Amino acid sequence: MINLEIKINNLKLKNPTILASGILGVSSASLNNVVRNGAGAVVTKSISKEPRKGHPSPIIATYEEGMLNAVGYPNQGSIKASQEFSNVADIEAPVILSIIGQKEDDFKAVYNELKNCNFKAIEVPLSCPHTPGYGTMGGQHTPEMATKITKTLKEITDLPIWIKLSPNENLVEVGKAAEAAGADAIVAGNTMGPGMIIDIDTYKPVLGFGMGGVSGPALRPIAVRCVFDLYKAVKVPIIGCGGVTTGRDLIEMMMAGATGIGVGTAVLDRSVNVFSQIMKETEEWLKENDFKKIEDIIGLTHK
Amino acid sequence: MQHIEQPTIVTVKEVIKESSNFKTFVLDYPLDAKPGQFLMVWLPGVDSKPFSVAWQKENEFAIGVIKVGPYTKELFKLKKGDKLGFTGPYGTSYNFEDKKKILILGGGSGIASVTYLAQRARENNIEVDFLIAAKDKKSIVYEKWLEDQGINVIHRFKKNNHERAWDMFKELSSNNYDSWYACGPELLLKKIVDLSIEKKTKCQVSLERYMKCGIGVCGSCCVDPLGICLCQAGPVVNATFANNISEFGEYYRDGSGAKVNFK
Ligand SMILES: Cc1cc2nc3c(=O)[nH]c(=O)nc-3n(C[C@H](O)[C@H](O)[C@H](O)COP(=O)(O)OP(=O)(O)OC[C@H]3O[C@@H](n4cnc5c(N)ncnc54)[C@H](O)[C@@H]3O)c2cc1C
Ligand SMILES: Cc1cc2nc3c(=O)[nH]c(=O)nc-3n(C[C@H](O)[C@H](O)[C@H](O)COP(=O)(O)O)c2cc1C
Ligand code: FES
């Protein structure tokens, strides 16, 4: 038997796969379904203080090597979300709350509204590339903002704070600032870009918002390099995220230094059961290569 | 990626005004959809929304649309020769090939999902009784189109009887049909599903949930308590499956994910 468990902060995961925020995850039932399909942990769709409708469709377009999305953070807002997610303790894997906001007070307000829902950690994306006022479009992906937002949340909660970075630029700098401000883990990372796909028959961008973040296989080598760089720069655990679709991809990302592995876009090509499939493939490789514990491959590339 | 999701652009061949707020858009494209499947229909710069395939021929197909809000208002401005885009077809379809005699109910915009089923059923020489649920005589659509294919069309304004669609459905259901199919107001679908379980009759219904991507990624169409996406597990589901959806006939989620109660 190979031990597939990993630990991130005080959380025990039965395996390193984590549902990336914004893919499925709109309801407790949806998170539960992802856990039934093998995920080691799940992250909610990002929640804002007030309800948001999100961008018009198409919210997703794909091309040969990847996906573009501009969903625009639709969510029911913190008050209704606190009812929706009131029972996440019933879900048989850790559930992580993704919080978005514009001002520091927004993050506080969302946390306070949802603090009794039994979430096991808070994830904060400073890195969405296609939503005005948020992430890279809201000037949040800087060492200063990372420090401010991390401190704001650390002051009001004992839950681990995971800061989610952009692969675009400044990743190590922002990651180090977040760590210094008390962040308990770094997620590397969000989608890249934004990029654009134009429909050449109508001359118009395909996405409703015009442009959108790049994810999927196209992003994977960049995400691997981001994790590799970060591993040398920070001590806190790293959650690698970007294009992981197979067991081989997960192993690669862990060798670069990731402890947990976010999986999002791969749900399209391999269905929601992708989590079980990735872990089956991983387990086979570990067996063939005589590893007893998955933990032993973390950061191997650096050794 | 295995799935390339980019719109196909098609020309509007014809616009047919079926009633004051119902239009059929005939589109110039050899679509390969099964009855019950839907498309995400894209108006560049506006939005992309789910619509069933209303019928399909060798080189053209149609969608039937009720004007209900901003998107459908824009869609209604389209004229012959204009272009629009679509992705799909997506979702599950009706099983009918092995049947001999079937009962179909179509109500509201839902009629435009079962018209294609009726077309295919007739092509397979299946006997079809088609009950149209409508609140007034003016909103009866596709009556002649259905009759021209040898379908027995039933609605309350035909005999000037004032029975509600549900009462007429109950009455008809005592005939021996191999299966029932329905798409329309969800509270009516719920009653039909309950009756089919009680009578042990095969039954499929098509359910509408808020759909933004159509490909099982965004989660906007997830249903409680299963947590699965109706853009892939549906829109067409059988009665047992529908009954396992606790929100069926109770509530749905809007574009932000917030619950909205039926009634
Ligand atoms: C699988 C499926 C098949 C459908 N087939 C047809 C059809 O053949 N003909 C037809 O007229 N209508 C059909 N609809 C409904 C159609 O998608 C909505 O009427 C349309 O999106 C309304 O947009 P609007 O901006 O005009 O109205 P809005 O003012 O935005 O909304 C009016 C109503 O439509 C619902 N709606 C809005 N956007 C969506 C969406 N993206 N997904 C689902 N519901 C939505 C709202 O919840 C509301 O109840 C179908 C829906 C689904 C899910
Ligand atoms: C459709 C879609 C929606 C997303 N929504 C969010 C979101 O709400 N919050 C967030 O932090 N990241 C969001 N992301 C980014 C993902 O969580 C992830 O970081 C990124 O897609 C890279 O991983 P992947 O290639 O495995 O998808 C979204 C990505 C996609 C494709
Ligand atoms: S519409 Fe996006 S998952 Fe079903």
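As a starting point, this report considers the structure included with it. Not measured: the values here are computed from a predicted model.

### Quick word on the overall build of chain A
When helices and strands are counted, chain A shows nine helices and 16 strands. Across its three principal axes, chain A shows a C-alpha extent of roughly 50 × 50 × 35 Å. Looking at the 303 residues of chain A, the share that counts as buried comes to 62%. Put simply, 70% of the contacts in chain A that link residues at least 6 apart link residues at least 24 apart. Of the roughly 11,300 Å² of accessible surface on chain A, a fraction of 50% belongs to carbon and sulfur atoms. Computed over 30 positive and 32 negative side-chain charges, the inter-centroid distance for chain A is 3 Å.

### Quick look at the packing of aromatic side chains
Evaluation of the coordinates by the stated rule reveals 14 aromatic pairs over all chains. For the pair Tyr-73 of chain A and Tyr-134 of chain A, a centre-to-centre distance of 5.7 Å together with 70 degrees between the ring planes defines the contact as edge-to-face. Residue Tyr-73 of chain A is located in the loop between strand E6 (66-69) and helix H2 (77-84), and its partner Tyr-134 of chain A is located in the loop between strand E8 (121-125) and helix H4 (143-156); the two are separated by 61 residues in the primary sequence. For Tyr-73 of chain A, a relative accessible area of 9% corresponds to the buried category. Classification of Tyr-134 of chain A by relative accessible area gives buried; the value is 8%. For the ring pair Trp-166 of chain B and Phe-169 of chain B, a centre distance of 6.3 Å and an interplane angle of 10 degrees mean the geometry is stacked. Of this pair, Trp-166 of chain B and Phe-169 of chain B both sit in helix H4 (residues 165-172), three residues apart, which is roughly one turn of that helix. The two residues Trp-166 of chain B and Phe-169 of chain B agree in class, both being buried.

### Quick notes on empty space enclosed by the protein
Any empty space left between atoms is shown by rolling a water-sized probe over those atoms. What the rule picks out here adds up to four cavities of 30 Å³ or more. By volume, the largest cavity is sized at about 160 Å³. Along the wall of the largest cavity there are 17 residues; nearest its centre are Val-26, Lys-45 and Pro-74 of chain A together with Ser-256 and Gly-257 of chain B. Considering only enclosed or pocket space, the second largest cavity measures out at about 130 Å³ in volume. Lining the second largest cavity are 14 residues, and of these Pro-58 and Ile-60 of chain A together with Thr-87, Tyr-90 and Cys-213 of chain B sit closest to its centre. Contributions of two or more residues to the lining of the second largest cavity are made by strand E3 (38-43) and strand E7 (83-90) of chain B. Considered class by class, the residues forming the lining of the second largest cavity number ten nonpolar, two polar and two charged. Both of domain 1 (8-90) and domain 3 (209-263) of chain B provide at least three residues apiece to the lining of the second largest cavity.

### Here we look at the interface of chain B and chain A
With 34 residues of chain B at the interface, the matching set in chain A holds 40 residues. Across the chain B to chain A interface the summed buried area is about 3,000 Å²; carbon plus sulfur atoms make up 60%. In terms of surface lost to chain A, no three residues of chain B exceed Met-1, Lys-212 and Val-217 of chain B, which account for 24% of the buried area on that side. The interface formed by chain B and chain A includes one salt bridge. Between Arg-253 of chain B and Glu-84 of chain A there is a salt bridge, with its nearest N and O atoms 2.7 Å apart.

### Digging into the sheet that holds strand E7 (residues 95-98) of chain A
Residue and element names in this part refer to chain A. What the eight strands build is a closed barrel, ordered E3-E4-E7-E8-E9-E10-E15-E16; its pairing is parallel. The sheet shows a mean angle of 25 degrees between the axes of neighbouring strands, taken without regard to direction. Here E8 pairs with strand E9 (residues 161-165) via four bridges, running parallel. The partner of Pro-125 across the bridge, within E9, is Lys-164.

### Some remarks on unusual backbone geometry
All names here are of chain A. Of note, the bond from Ala-188 into Gly-189 is cis; its omega dihedral lies within 30 degrees of zero at -5 degrees. Mapped onto the fold, Gly-189 is located in the loop between strand E10 (185-188) and strand E11 (192-195). Cis geometry marks the peptide bond from Gly-193 to Pro-194, where omega comes out at 15 degrees. Within the fold, Pro-194 resides in strand E11. Residue Asn-9 is not a glycine yet carries a positive backbone phi of 55 degrees.

Cut-off values and rules
- Residues numbered from 1 in each chain as written.
- Chains lettered and ligands numbered in written order.
- Predicted model: local features only at pLDDT ≥ 70, side-chain atom pairs only at ≥ 80, totals over all residues.
- Heavy atoms only, no water.
- Helix = DSSP H or I, 4+ residues; strand = E, 2+ residues; numbered from the N terminus.
- Buried < 20%, exposed > 50% of the residue type's maximum accessible area, 1.4 Å probe, protein only.
- Contact = heavy atoms within 4.5 Å.
- Areas by Shrake-Rupley, 256 points an atom, 1.4 Å probe, with all protein chains shown as cover.
- Lys, Arg positive; Asp, Glu negative; His and termini not counted.
- Charge placed at Lys NZ, Arg CZ, Asp CG, Glu CD.
- Phe/Tyr/Trp six-rings, centres within 6.5 Å; stacked < 30°, edge-to-face > 60°.
- 1 Å grid on protein atoms, 1.4 Å probe; cavity = no way out; pocket = protein on both sides within 12 Å on 5 of 7 lines; lining within 4 Å.
- Points joined across faces, edges and corners; volume = space filled by probe spheres on them.
- Nonpolar A, V, L, I, M, F, W, Y, C, P; charged D, E, K, R; others polar.
- Domains from an automatic or database assignment.
- Buried area = accessible area lost by both parts, 1.4 Å probe.
- Salt bridge = Lys/Arg side-chain N within 4 Å of Asp/Glu carboxyl O.
- Pairing = 2+ DSSP bridges.
- Axes fitted to C-alpha atoms, helices over the stretch in contact; angles between N-to-C directions.

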